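Descriptive structure summary
Here are the chains, one letter per residue:
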Amino acid sequence: MANDGDDIDPAALPTAVPTSARAYGWMLGGKDNYEIDRQFIRNTLQGFPECVDIARQNREFLYRAVKYLVQDAGIRQFIDMGCGLPTDNNVHQVAQRFAPDVTVVYVDIDPIVLAHGRALLADNATTTVITADMRDQASVLDHPDVKRLINFDEPLAVLFLSVVHHLPDAENPRRILRTIIDRAVSGSHLGLSQVVADDPRRGAVMSAQITAAGIPWQTRTPAELGALCDGLEPVAPGLVNVLDWNPDATQPPLAPVPAELTPYVGITARNKDLYEYGGLLRKP
Ligand SMILES: C[S@@+](CC[C@H](N)C(=O)[O-])C[C@H]1O[C@@H](n2cnc3c(N)ncnc32)[C@H](O)[C@@H]1O
């Protein structure tokens, strides 16, 4: 590992298999990954060379979505499910740039996220990171930090960004996505995105390959993701390729792509049938 956090117990980290947090983090320019994560990405890129662009387009969408939620929708509390390893412009940093009083609870299943998140958040009283499995929504809702920081009498945003593909249909993704928003007050928002394929056969090949590597995964079609969102009001422009979700030429850039991955940059300009799809939905 290139950059060990001070308080990581290496024995607690799964190192015999790749993890989503570390592999995705590498595509964003992060240093906290192992050879097994990088090899997983190399293997995935052989069949799905769009993935570097897709990861980075999602992370840029995250910035625009959080900015909208704070500036335009007046949201002051966030639960970020499957938050990933800290990088530039994490949710609390984007949100607190526009409203310093914003509260954020980060949730991730990978213990490496907690280790690095703690270091990042040492001086931030209104932001915390917890290790929990979002498939067990009760473990999130009952967590003392969630009870301490999130007020269910006020609007909130719950984010599942580049996370819904980790919830195969057998896990009942609708239940997982809707547990918190269904009990939240009117004006709350659900943010979600995932990798989709217009051709379900290509999506099925991708799902089988990533699942075989040990990472739960289901590439859906746009319609399949949309079906999980009934009863909520789409924020314009609705659920779309995240590239097209309110583009902002002035948003800050991501960390540079690792040198090895630069040949993959720009592939989604040509291959348009595999992409990150998502948006924001408002609870009426
Ligand atoms: C592709 S990353 C997305 C990170 C971040 N949300 C973003 O949009 O930049 C997916 C994250 O979801 C986390 N994850 C996957 N399954 C999870 C689960 N069942 N519970 C909590 N986190 C999970 C992974 O550990 C990883 O950090």
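Check the entry above for the structure.
Everything numeric in this text was worked out from a predicted model, so none of it was measured. (Residues numbered from 1 in each chain as written. Predicted model: local features only at pLDDT ≥ 70, side-chain atom pairs only at ≥ 80, totals over all residues.)

1. Remarks on the overall build of the chain
Here is the rule: Secondary structure is summarised from DSSP: a helix means a run of H or I of at least four residues, a strand means a run of E of at least two, and numbering begins at the N terminus for each. What the globule rule says is 2.2 Å times the number of residues to the power 0.38, and the radius of gyration is computed from C-alpha atoms. Burial is judged by counting other C-beta atoms within 10 Å of a residue's own C-beta: 20 or more means buried, 12 or fewer means exposed, and anything between counts as partly exposed, with every C-beta placed from the backbone.
Looking only at helices and strands, one finds 10 helices and 8 strands in the chain. Over its C-alpha atoms the chain spans a radius of gyration of 18 Å, differing by no more than 12% from the 19 Å that the globule rule assigns to 284 residues. With the C-alpha coordinates aligned to their principal axes, the bounding extent of the chain is approximately 50 × 45 × 40 Å. Residue burial in the chain is summarised as follows: out of 284 residues, 46% are buried.

2. A look at the site of the ligand
To keep it simple, the criterion reads: The criterion for a residue being near a molecule or strand is a backbone-placed C-beta atom within 6 Å of that molecule or strand. Three classes are used, and their members are as follows: Ala, Val, Leu, Ile, Met, Phe, Trp, Tyr, Cys and Pro are nonpolar, Asp, Glu, Lys and Arg are charged, and the others, Gly among them, are polar.
Not every one of the 22 residues close to the ligand is listed here, only the nearest: Ala21, Gly82, Gly84, Ile109 and Leu161. A per-class count over the shell around the ligand returns 10 nonpolar, 7 polar and 5 charged.

3. Here's the deal with the environment of Glu224
Within the element layout of this structure, Glu224 appears in helix α10 (residues 222-226). Through-space distance from the C-alpha of Glu224 to that of Val196 is 9.0 Å; in sequence the pair is 28 residues apart.

4. Quick look at the packing of helix α3 (residues 51-71) against helix α4 (residues 91-98)
Using the following cut-off: Lines fitted to the C-alpha atoms define the axes, with helices restricted to the stretch that makes contact. Angles between their N-to-C directions range from 0 to 180 degrees. By definition, turning the near helix anticlockwise from the far helix through less than a right angle yields a left-handed crossing, and turning it clockwise yields a right-handed one. Contact between residues is assigned whenever the C-beta positions, reconstructed from backbone atoms, fall within 7 Å.
For the pair α3 and α4, the least separation of the axes is 9 Å and the interaxial angle reads 35°. Considering the relative orientation of α3 and α4, their crossing is right-handed. Here Tyr63, Val66, Lys67, Val70 and Gln71 of α3 come into contact with α4, specifically with Val91, Val94, Ala95 and Phe98. When grouped by side-chain class, the residues that make up the contact of α3 with α4 number 7 nonpolar, 1 polar and 1 charged.

5. Some details on the nonpolar core
What counts is decided by this rule: The term nonpolar core means buried Ala, Val, Leu, Ile, Met, Phe, Trp, Tyr and Cys residues held together as one set by C-beta atoms within 7 Å.
Core analysis: the biggest nonpolar cluster contains 80 residues, and Met27, Val66, Phe78, Ile79, Val107 and Val158 have the highest contact counts within it. Residue contributions to this core peak at 12 residues, all from α3. Residue contacts for Phe78: discarding those within four places in its chain leaves Val91, Ala95, Val102, Val104, Leu156, Ala157 and Leu159.

6. Quick word on the pairing of strand β4 (residues 157-160)
Our working rule: A pair of strands counts as paired when DSSP detects no fewer than two bridges linking them.
Burial along β4 is two-sided: the face carrying Ala157 and Leu159 and the face carrying Val158 and Phe160 are both buried. For strand β1 (residues 77-81) and β4, the ladder comprises 3 bridges, and the chain directions are parallel. Its bridge partner being in β4, Ile79 is matched across the sheet by Val158. As defined by bridge partners, β4 adjoins strand β5 (residues 189-197) across 4 bridges and the pair is classed as parallel. Bridging from a neighbouring strand, Leu159 pairs with Gly191 of β5.

7. Points about the packing of helix α1 (residues 20-27) against helix α2 (residues 35-47)
Filter applied, for reference: The cut-offs work like this: below 35 degrees is roughly parallel, past 145 is roughly antiparallel, 65 to 115 is roughly perpendicular, and the gaps in between are oblique.
Taken N-terminus to C-terminus, the directions of α1 and α2 make an angle of 70°; their axes are 9 Å apart at the nearest point. Of the possible angle classes, the one that applies to α1 and α2 is roughly perpendicular. Helix-helix and strand crossings are classified by hand; for α1 and α2 the assignment is right-handed. Between α1 and α2, the contacting residues are Arg22, Ala23, Trp26 and Met27 on the first element and Asp37, Arg38, Phe40 and Ile41 on the second. Among the residues forming the contact of α1 with α2, the class breakdown is 5 nonpolar, no polar and 3 charged.

Note that all results are geometric; they support no functional claim without further evidence.
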